[in-house]
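Chain by chain, the residues:
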Amino acid sequence: MENYILPPESLTNEAIAARLTASARNGIEDGSVKKKNLVYLELNGCSGNIISLLNGANPDFEYMMGSMVNLVYSNSLMAAEGEQAIDRLIKAMDEDYILAVEGAVALRDNGLYNIIGSWQGKPLTGLEAAKMLGEKASHILAVGACATHGGVSAARPNPSQSVGLQEVLPDKDMIKLPGCPVHPDWFLGTLAHILLYGDPETDNLGRPLMFYSTLIHDRCPRRPFFDRGIFAEKLGDKTCLFKLGCRGPVTRTDCPTRQWNGHVNWPIGDDTPCIGCAQFGFPDAMAPFISYDTTRVVKDE
Amino acid sequence: MQNIRMLQQQVNSLISQAKHDIYTISVTSDPTAKQLRLQRLWDALTSIQFLNELLASHAISSISASSNGPAQPTMPASQPLPAPAAYPELTLPNQTFTIQELSNYDGKNGRPAYVAVGGVVYDVTNNRAWAAATHFGLVSGKDYTQEFASCHAGQKSILATLPVIGRLV
């Protein structure tokens, strides 16, 4: 806390990221920071988090690959395929590695609803892979809504009986990065923190405080409208979206200040309510995402 | 015109407060004080932004009024605040509700949103955690004694912030 950087040093996202990446690069060059192996496992989900990660800017994905970690396995991004790919996944366990998992773990029929490859002639289920790799990993990151608490994969009626990663690894410490998808900065920033300083400080739900400590509502540029009871009546209105079902008041992320797409925009900045995608229980607990039939002020009453 | 003067004064006082906060942040070494000042700076900036919108809508409406044309619809910001008297029943504190009566207060079509916990009926219409009269999959107009106990056990302070409407019988 005492090492705050105060003006006149620039505090923009880009400037902070530049300082972080510079210190990481220096650390790698002088040998005080070691590049670690990263296994990025995709289980029962839509691969939205890895697509989001490819949009990362602070640092970008290329930098992560080249300088921060050795990406030894990724369902989507590696060149190897079939048994050869799974072979690399198994061999990764011989060394120290950080495990990042996106997607939920499908439990139904012993995990057969989510097969990620075949190993020694038998199908390798996501359930087996999560348990096997989770037991040996030095750090575990649950990336995105599905991995942290089941998310969309576990939404009612949940035919695959999907659960979050912690359910199959109940005794392991893991850092949880909810969001649908996760912001590239939340993932890359947490990864950088692990390499530079070790595990980041987390709340009682395992979320890094540096990204998940503040309610969207408390940093919302439309907060003065809420405080004065001025509410939007339809999408596109520039006032508070609370009456349409905005979940900003219960969702803890830094979207209002960090923003998305290389710090260009975010949902409320584009006149749509927050749907609470980074909230545990999303999507079922956050429904309805939008409501036109609610407690708005009726003038003729 | 008087309104515009008042808004201008508010903006000016917020700016002086912000300047003072910036000075304090740059000299203090107490991290808690820094956090508080940063928070207040943020709030001051959002309020300035809001007042700026108000001033702009004032300016637009005065231009359209002076040009004799039909008045353009302005931002809702210039509307008066909704009066609490819009729902007369809100002012009766010891009203009693049956569970069927409570179900009418579901927050739909402009109706207020009430929920019961431990036999007391609370108004959640404007509660920040009850957007669209729903809260983590729960809809208003029901008795949530069990649900409150399972999620917020021992957190009676949450209930203390809600306006009490009456009792569930």
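Preceding this section is the structure that the text describes.
Attention here is on the structure that accompanies the text. (Residues numbered from 1 in each chain as written. Chains lettered and ligands numbered in written order. Predicted model: local features only at pLDDT ≥ 70, side-chain atom pairs only at ≥ 80, totals over all residues. Heavy atoms only, no water.)

**Some words on the sheet that holds strand β3 (residues 97-102) of chain A**
Residues and elements named next belong to chain A. If you walk across this open sheet you meet the five strands as β2-β1-β3-β7-β9, and the pairing is parallel. Edge positions in the open sheet fall to β2 (69-74) and β9 (175-177), since each of these has one partner strand only. Neighbour-to-neighbour, the strand axes of the sheet open up by a mean angle of 20°, direction not taken into account. Those strands touched by helix α6 (residues 126-136) are β1 (36-42), β3 and β7 (139-143), and its axis lies near 145° from that of β3. (Pairing = 2+ DSSP bridges. Helix = DSSP H or I, 4+ residues; strand = E, 2+ residues; numbered from the N terminus. Axes fitted to C-alpha atoms, helices over the stretch in contact; angles between N-to-C directions. Contact = heavy atoms within 4.5 Å.)

**Some points on unusual backbone geometry**
Residue and element names in this part refer to chain A. Geometrically, the link from cysteine 180 to proline 181 is a cis peptide bond, its omega value of 0° lying close to zero. Secondary-structure assignment places proline 181 in the loop between β9 and α9 (184-197). Residue proline 288 is reached from alanine 287 by a cis peptide bond, and omega for that bond is -5°. Mapped onto the elements of the fold, proline 288 is located in the segment after α12 (255-258).

**Some details on the pairing of strand β3 (residues 120-123) of chain B**
All names here are of chain B. The pairing of strand β2 (residues 114-117) with β3 spans four bridges and is antiparallel. Considered in β3, the bridge of valine 115 is made with tyrosine 122. Connecting β2 to the next strand, β3, in antiparallel fashion are two residues, including glycine 118 with a positive phi near 60°. As defined by bridge partners, β3 adjoins strand β6 (residues 164-168) across three bridges and the pair is classed as antiparallel. Note that in β6 the partner of tyrosine 122 across the bridge is valine 164.

**Overview of the packing of aromatic side chains**
Two numbers describe a pair of aromatic rings. These are the distance of the centres and the angle of the planes. Within the structure shown, the criterion is met by 12 aromatic pairs over all chains. Where A:Tyr40 meets A:Phe187, the ring centres are 5.8 Å apart and the plane angle is 85°; that geometry is what we call edge-to-face. Of the two residues, A:Tyr40 is situated in strand β1 and A:Phe187 in helix α9; the sequence distance between them amounts to 147 residues. Across this residue pair, the class does not change: A:Tyr40 and A:Phe187 are buried. One aromatic cluster in this structure is built from A:Trp186, A:Tyr212 and A:Trp260. Its end group placed over the ring of B:Trp42, A:Arg219 keeps NZ or CZ at 4.9 Å from the ring centre. A cation over a ring is seen here: A:Lys243 above A:Phe231, with NZ or CZ 5.1 Å from the ring centre. (Phe/Tyr/Trp six-rings, centres within 6.5 Å; stacked < 30°, edge-to-face > 60°. Buried < 20%, exposed > 50% of the residue type's maximum accessible area, 1.4 Å probe, protein only. Lys NZ or Arg CZ within 6 Å of the ring centre and 35° of its normal.)

**Description of empty space enclosed by the protein**
For the coordinates displayed, the defined rule picks out one cavity of 30 Å³ or more. Roughly 110 Å³ of internal volume is contained in the largest cavity. Of the residues assigned to the lining of the largest cavity, the class counts are nine nonpolar, two polar and two charged. (1 Å grid on protein atoms, 1.4 Å probe; cavity = no way out; pocket = protein on both sides within 12 Å on 5 of 7 lines; lining within 4 Å. Points joined across faces, edges and corners; volume = space filled by probe spheres on them. Nonpolar A, V, L, I, M, F, W, Y, C, P; charged D, E, K, R; others polar.)

**Let's talk about the nonpolar core**
Residue and element names in this part refer to chain A. One finds Leu38, Met64, Leu141, Phe187 and Leu191 to be the most contacted residues of the largest nonpolar core, which totals 40 residues. Per element, the largest residue contribution to this core is seven residues, and it comes from α9. Of all hydrophobic cores here, the second largest spans 32 residues; its members include Leu41, Met78, Ala92 and Met174. (Core = buried A, V, L, I, M, F, W, Y, C linked by side-chain atoms within 4.5 Å.)

**Things to note about the environment of A:Arg247**
You can see A:Arg247 is positioned in the loop between α11 (223-227) and α12. With relative accessibility at 3%, the residue A:Arg247 sits in the buried group. Discounting chain neighbours no more than four positions away, the residues touching A:Arg247 are A:Cys274, A:Ile275, A:Gly276, A:Met286, A:Ala287, A:Pro288, B:Ala131 and B:Thr134. Polar side-chain contacts of A:Arg247 include one of 3.3 Å to the backbone oxygen of B:Ala131. (Polar contact = N/O pair within 3.5 Å; in protein donor to acceptor, adjacent residues only side chain to side chain.)

**Thoughts on the interface of chain A and chain B**
Opposite the 42 residues of chain A that make contact, chain B presents 37 residues. Considering only the side of chain A, the residues that lose the most area to chain B are A:Arg219, A:Arg228 and A:Thr295, jointly responsible for 17% of the buried surface there. In this structure, the connection of chain A to chain B is made through eight residue pairs in polar contact (both at pLDDT 80 or more). In terms of residues, the side of chain A that touches chain B owes the most to one element, α11(A), which gives four residues. (Buried area = accessible area lost by both parts, 1.4 Å probe.)

**Side note on the pattern of salt bridges**
Residue and element names in this part refer to chain A. Scanning all chains against the criterion turns up 13 salt bridges over all chains. Among the ionic pairs, aspartate 271 bridges to arginine 222, the shortest N-O distance being 2.5 Å. Taken together, the residues span a long stretch of sequence, with aspartate 271 in the segment after α12 and arginine 222 in the loop between α10 (209-212) and α11 at a distance of 49 residues. An identical accessibility class is assigned to aspartate 271 and arginine 222; each is buried. Residues aspartate 254 and arginine 258 are paired through a salt bridge, measuring 2.8 Å at the closest nitrogen-oxygen approach. (Salt bridge = Lys/Arg side-chain N within 4 Å of Asp/Glu carboxyl O.)

**Some remarks on the pairing of β7(A)**
Residue and element names in this part refer to chain A. Among the five residues of β7, five are classified as buried, and the element is accordingly described as predominantly covered. Neither face of β7 is exposed, since His139, Leu141 and Val143 on one face and Ile140 and Ala142 on the opposite face are all buried. Bridge count between β7 and β9: three bridges; the pairing is parallel. Across the sheet, leucine 141 pairs through a bridge with isoleucine 175, a residue of β9.

**What to know about the layout of surface pockets**
Residue and element names in this part refer to chain B. The volume enclosed by the second largest pocket comes to roughly 950 Å³. Together, 30 residues line the second largest pocket, and Ala129, His135, Phe136, His152 and Ile158 are the ones closest to its centre. Mapped onto the lining of the second largest pocket, the elements with two or more residues apiece are β2, α4 (145-152) and α5 (156-160). For the lining of the second largest pocket, the element with the most residues is α4, which contributes four residues. A breakdown of the residues in the lining of the second largest pocket according to their chemical character gives 19 nonpolar, seven polar and four charged.

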